[in-house]
Amino acid sequence: NLTHFSRKGILLVAILVSASLLLGPLISTIEPANADCVTSTSTLIRVTCNTTFGHVTSHVKNSALLKNLGKGQWLLNVILQVDNGAKLTIASSDVSWLKISKANGIVVYGKIDILGSKITSWDTSKSAPIQQTSSGSTPRAYINLRGSEGGKISGAEIAYLGYSSNGKRGLDLYGSGSSHDLTITGNSKFHDNWRGFYSSNAYNIVIENSEFYNNIDYTIDPWGGTHHMRVSNVHVHHNDGIGIIC
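My aim in this report is to walk through the structure given alongside it, one point at a time. Position numbers for residues start from 1 in each chain and track the written sequence from start to end. Whole-chain, interface and lining totals are the exception, using all residues; otherwise, since this is a predicted model, local features are given only for residues with pLDDT of at least 70 and side-chain atom pairs are given and counted only at 80 or more. Remark: hydrogens and water are excluded; side-chain values derive from all non-hydrogen atoms of the structure.

**Brief notes about the overall build of the chain**
In plain terms, the rule: Going along the chain from the N terminus, every DSSP run of H or I of four or more residues is numbered as a helix, and every run of E of two or more is numbered as a strand. The buried label goes to any residue with under 20% of its type's maximum accessible area, the exposed label to any with over 50%, and the partly exposed label to all in between, with areas taken from a 1.4 Å probe on protein chains only. Only heavy atoms enter the contact rule, under which two residues are in contact if any of them lie within 4.5 Å. To be clear on the numbers: accessible area is Shrake-Rupley with a 1.4 Å probe, and residue cover counts the displayed protein chains and nothing else.
Scanning the chain from terminus to terminus reveals two helices and 21 strands. In the chain, buried positions account for 46% of the 246 residues. Contacts spanning at least 24 positions in sequence make up 63% of the contacts within the chain whose residues lie at least 6 apart. Of the roughly 11,900 Å² of accessible surface on the chain, 54% is carried by carbon and sulfur atoms.

In structure tokens:
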């Protein structure tokens, strides 16, 4: 009986080992989608894997941090951070309009795709985007790519963001490390920002087939060692400051 049991045990172990070897790669590829890689505190929502904004909303239930306004609109009341090695996709299928209160923002060390969604600052007391002064003195929401490693902004609307502060000018490629491999395309619209686009030491950047208007300070400002950048078929008009400066 002992011999019979041992043979069965050996066979079972062999089957389990074989299954593990065969299914291991598959399990490793699907694990991140199921992993608990969205965490939050009173001041921060943190993304540490490849995921979507819809996945973020399913994990952050505290409306003081992220509030569902209905009809695909969400109010972000803290900083949303994408860690190095992670990618966040904000798409119109999950959010039509992301409204960011006060001087909170999106800070990206990894990658971000913004596809068809609208992102603006938001004044909850006035139920409207936050307006900016001619000197950029009013703190408001921003998008900061800090050593971001790729991404695409396509068919998006980025508006009423930024003020006169490093890393918080609007869409800012500024901070720790050089951001690279970003494409802005698909008739995206950048308007009423402090600066429409600003970069420092960035590279492999494409801005094409998009529109920049009603921005206050410089509109497209690749600066401080930015290289390998192409701007083509972009309509730049009715900005208060310089349209395109290099």
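**Description of the pairing of strand 12 (residues 142–145)**
Here is the rule: Only strands joined by at least two bridges in the DSSP assignment are considered to pair.
In strand 12, alternate side chains face the same way, and those of Tyr142 and Asn144 on one face and Ile143 and Leu145 on the other are all buried. Bridge count between strand 9 (residues 105–108) and strand 12: four bridges; the pairing is parallel. Each bridged residue has a counterpart across the sheet, and for valine 108 the counterpart in strand 12 is leucine 145. Pairing of strand 12 with strand 15 (residues 170–173) involves two bridges; the strand directions are parallel. Within strand 15, the residue paired with isoleucine 143 across the bridge is leucine 171.

**Considerations on the sheet that holds strand 15**
Our working rule: Here an axis means a line fitted to C-alpha atoms, over the contact stretch when the element is a helix, while the angle between two N-to-C directions is reported on a 0 to 180 degree scale.
Across the sheet, which stays open at both edges, the eight strands sit in the order 1-2-6-9-12-15-18-20 with mixed pairing between neighbours. Taken across any chain shown, the strands that pair with only one partner, and hence form the sheet edges, are strand 1 (38–40) and strand 20 (220–223). The average undirected angle you get between the axes of adjacent strands in this sheet is 10°.

**So, the state of the cysteines**
This is how the line gets drawn: The disulfide definition used here is simple: a pair of cysteine sulfur atoms within 2.5 Å.
Inspection of the entire model under this criterion finds one disulfide. The partner cysteine of cysteine 37 in its disulfide is cysteine 49, sulfur to sulfur 1.9 Å. Pair noted here: cysteine 37 is in the loop between helix 1 (2–34) and strand 1 and cysteine 49 is in the loop between strand 2 (44–47) and strand 3 (51–52), with a separation of twelve residues, a long-range link. As far as burial versus exposure is concerned, cysteine 37 and cysteine 49 are alike and both buried.

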